[in-house]
Amino acid sequence: MAEAPDWHQDVPPVTLAVLGRVSVGKTTLVRLLSGGEFDPAIAPTRELTVEQYSRNSKIVICDLPGYGSVSQPVEMFIEQDFTIYDGFIFVCRDKLDDDDHQVLKNLPRSKRLNVVRCVSDSDSDKDLDSLLGATFEDFALYRKDQIFLVDSRHQDLYGFPQLVSHLDNGANFKRASPRVVGTKNGEEPPANQSALTLCEGSNNDVTADDDDFTDIKSSFESGGAKYAVEQSQLRLGRWKSAMVNIGITGNSGVGKSSFINAVRGLVSPDEQGWAKVNVVEETKIPTPYEYPMSPNVKLWDMPGIGTKNFTRENYLEKVNFDKYDIFIIVCAVRFTGNDLWLARDICSRGKKFIFVRAKVGQDIENERKVYTQISRLNFREDIVLKKIRADCQKNLAEFGKCRVFLIDNFEPHSFDFGELAMEIINITPSEKQEAVTMSMPTMTEGVIQQKVRELQKRIWLTAIPAALADAVSIPNISASLNEKCLLKEAEFYREQFGLTDEALAKNAVKIGVTKENFVQMAKLRTTAFKYTGNIVPLLKTLGIFKKVSMSKASIVLWLTTTLVNCGVSYTLAVSFLRKVLEMTAEDARRVNNEMTKPRR
């Protein structure tokens, strides 16, 4: 019997760069991860050192020399090409300094980032949760996969076992996961194992969901290319059919309607779908408000509890409790017994809730006025926020480590709005998270990154029609139609990131300029592209033609072996969509930067 092939012998290993300041413990960490013993006298690395991760042959660890020394100032360190690495392990100790921030800002946003916070003797008397919380705050501006608290002297304590497990499982790279690297000789890869990775142009994995890949493959085998294309297009629109109901509850007058407007990105009563705001409780029955981009995702403005018609005894029945997937309890000014009752009853009935403390901008101003009468120097905004958060957490202590999100409905780019948007996505049932992600306006960096992750999953599904049409003749699916598919997806990216003409015009009005001036001020790049007609000029503009070559592309085995001629079209399609996704996400960040600039 012939020897079975190594299904993944051509898949390149994942390269993780370990970086940090001089003497933070990088080299010791790398030594341990590569199978060495702890050595307190080990000398810091002075040049790039490449090691194999000892427990996963598909992960390579690159120990970069520490920055911040005379021989390696940070200005010299950031001149290197970071794009050659698949991801980064950033090692730090104590708080980040200016050099750390300079390095982090220069790392490619598209790359995976894990953080290792080294625990030292000076941390021994500190609460580990506090250390972890402080580290999260330090890295609030940066996208990161996970944060690990590590003491290299004690590999069985703190987060070292979790770090090892994370790397063992591929560090979130499917091509380095055990299911890929663990295929034994003589065995075919499992049917649900997909290695859809295009390595050219960017090191991001373009990865098929296992079930989706199996379904599309089966569709091709049972019904041919046309059926596979139809199924891939159905999958692209599946998120639109996921019905999501989010209940917004709390006392009367806490700002529930204002919150519903803010979280959907609405700022004016003239905008379609505006929830009526009034100082007097207006809501008599649960009222649904759709997200502008996703009518299937609804925020329900629920009547305030504690009013004559909505007592604790009848509240949950009157608002039809079972309808909602999750609840958001909105509180303002002070924590009340009604807030605690809602939290208890929601949990007792098997549902999840998010606790939001609104109107913190008002609280800050009130506190500022008090201190101004005494001495402006005594006022600190962070102390005010800490007191508000601590009070809410104390009252919610029975629910364990319950997160409290501090927001102001009139400052959606400030406070905890970004983390709140991500929490709404994360606690929604998993089968509905894609729908919630697609509905969210891109007001914060966290939402932008989450959208990028979801849209990356669509790339291979959109590219398949182009690949199949180039390989075989498919009735009713022409090359021009495949161009339209790619251009339609590119336009979808613009809609998702708030870059349509209508969205940009709305932002321009908010700051009192024309749309054209706003585009120039924000230095947007994608608005100049033509997303209709012939795709060739756009491919040339993006530089796709000169970048793509089959020798640099690793395409899913089934696609390349079954349809030999499809590779170039698939590569072109993936490269095009990846580039447009990267540019639209960056333009979304530029819009947010422009909208948050201080103005006279």
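Quick caveat, the model's predicted, so the values are computed rather than measured.

1. Focus: the overall build of the protein
And then number 1: Looking only at helices and strands, the protein has 22 helices and twelve strands in total.
And then number 2: A buried classification covers 51% of the 600 residues belonging to the protein.
And then number 3: Counting only contacts in the protein whose residues sit at least 6 apart along the sequence, the fraction spanning at least 24 positions is 68%.
And then number 4: Accessible area of the protein: about 28700 Å², with a carbon and sulfur share of 50%.

2. Re helix α10 (residues 337-348)
And then number 1: Look at α10: 16 Å from first C-alpha to last across twelve residues, which is about the 16 Å you get at 1.5 Å a residue.
And then number 2: Residues N338, D339, L340, W341, L342, A343, D345 and I346 constitute the buried set of α10.
And then number 3: For α10, the secondary structure elements touched by its buried residues are β7 (244-250), α9 (315-318), β10 (326-332), β11 (352-358) and α12 (381-395).
And then number 4: Taken from the residues just after α10, G350 is the one with a positive phi, measuring 80 degrees.

3. Describing the pairing of strand β6 (residues 147-150)
And then number 1: Side-chain alternation along β6 places I147 and L149 on one buried face and F148 and V150 on a second face that is also buried.
And then number 2: In terms of strand pairing, strand β5 (residues 112-118) meets β6 through four bridges, oriented parallel. Residue pairing across strands places R117 opposite L149, the latter belonging to β6.

4. What about the sheet that holds strand β8 (residues 287-291)?
And then number 1: Here six strands make up an open sheet; going across it, the order is β8-β9-β7-β10-β11-β12 and the pairing mixed. Every interior strand has two partners, whereas the edge strands, β8 and β12 (404-406), have only one. The sheet shows a mean angle of 30 degrees between the axes of neighbouring strands, direction not considered.
And then number 2: Across five bridges, β7 lies against β10 in parallel orientation. Pairing of I246 across the sheet is with I326, part of β10.

5. Focus: the environment of N261
And then number 1: Along the polypeptide, N261 turns up in helix α8 (residues 256-263).
And then number 2: Looking at N261, the relative accessible area reads 1%, which means it is buried.
And then number 3: Measuring from C-alpha to C-alpha, the distance between N261 and Y291 comes to 9.5 Å, with 30 residues separating the pair along the chain.
And then number 4: When near neighbours in sequence (up to four residues on either side) are disregarded, N261 contacts L266, G273, W274, A275 and V277.

6. Re the pattern of salt bridges
And then number 1: Across all of its chains, the model carries 25 salt bridges by this definition.
And then number 2: Among the ionic pairs, E398 bridges to R344, the shortest N-O distance being 2.8 Å. Residue E398 is found in the loop between α12 and β12, and its partner R344 is found in helix α10; the two are separated by 54 residues along the sequence.

7. Some words on the state of the cysteines
Note: disulfide means a covalent bond formed between the sulfur atoms of two cysteine side chains.
And then number 1: Under the defined criterion, the tally for this structure stands at zero disulfides.
And then number 2: You can see C118 has no disulfide; the closest cysteine sulfur is in C92, sitting 7.2 Å from it.
And then number 3: Residue class for C118 comes out buried when judged on its relative accessible area of 6%.
And then number 4: You can see C402 has no disulfide; the closest cysteine sulfur is in C347, sitting 8.0 Å from it.
And then number 5: When its relative accessible area of 15% is taken as the criterion, C402 is described as buried.

8. Points about the side chain of T15
And then number 1: As for its position among the elements, T15 is in strand β1 (residues 14-20).
And then number 2: Using a relative accessible area of 19% as the deciding quantity, one classes T15 as buried.
And then number 3: In this structure, T15 is in contact with V60, I84, Y85, D86 and G87, ignoring residues within four places of it in sequence.

9. Brief notes about the pairing of strand β9 (residues 294-301)
And then number 1: Taking burial as the measure, the eight residues of β9 include seven buried ones, the bulk of the element.
And then number 2: Of the pairings in the sheet, the one linking β7 to β9 comprises five bridges and is parallel in character. Among the inter-strand pairings, I246 is bridged to a residue of β9, identified as L299.
And then number 3: In the sheet, β8 pairs with β9 via five bridges, with the strands oriented antiparallel. Considered in β9, the bridge of P288 is made with W300.

10. Considering the sheet that holds β5
What links the strands of a sheet is backbone hydrogen bonding, and the strands pair in either a parallel or an antiparallel sense.
And then number 1: The strand order across the open sheet formed by six strands is β2-β3-β1-β4-β5-β6, and the pairing between neighbours is mixed. Lying at the two open borders of the sheet, with one neighbouring strand each, are β2 (49-52) and β6. Neighbour-to-neighbour, the strand axes of the sheet open up by a mean angle of 25 degrees, direction not taken into account.
And then number 2: Pairing of β2 with strand β3 (residues 59-63), which is carried by four bridges, proceeds in the antiparallel orientation. Across the sheet, Q52 pairs through a bridge with V60, a residue of β3.
And then number 3: Across the sheet, helix α1 (residues 26-33) lies against β1, β2, β3, β4 (87-92), β5 and β6, angled at about 155 degrees from β3, the strand it touches most.

11. Structural notes on the confidence of the model for the protein
And then number 1: Looking at the protein as a whole, the pLDDT averages 79, with 77% of positions reaching at least 70.
And then number 2: In the model, residues 1-10 has pLDDT below 50 throughout and makes 14 contacts with residues more than four positions away in sequence or in other chains.

12. Describing the nonpolar core
And then number 1: Among the nonpolar cores identified, the biggest contains 34 residues, and I328 and I424 are the most heavily contacted of them.
And then number 2: Among the elements that take part in this core, helix α13 (residues 417-427) stands out by supplying seven residues, more than any other.
And then number 3: Excluding anything up to four places from it in sequence, I424 contacts I246, V263, I326, I328, I354, V436 and M440.

Conventions and cut-offs
Residues numbered from 1 in each chain as written. Predicted model: local features only at pLDDT ≥ 70, side-chain atom pairs only at ≥ 80, totals over all residues. Heavy atoms only, no water. Helix = DSSP H or I, 4+ residues; strand = E, 2+ residues; numbered from the N terminus. Buried < 20%, exposed > 50% of the residue type's maximum accessible area, 1.4 Å probe, protein only. Contact = heavy atoms within 4.5 Å. Areas by Shrake-Rupley, 256 points an atom, 1.4 Å probe, with all protein chains shown as cover. Expected span 1.5 Å × (residues − 1). Pairing = 2+ DSSP bridges. Axes fitted to C-alpha atoms, helices over the stretch in contact; angles between N-to-C directions. Salt bridge = Lys/Arg side-chain N within 4 Å of Asp/Glu carboxyl O. Disulfide = S-S within 2.5 Å. pLDDT = per-residue confidence, 0-100. Core = buried A, V, L, I, M, F, W, Y, C linked by side-chain atoms within 4.5 Å.

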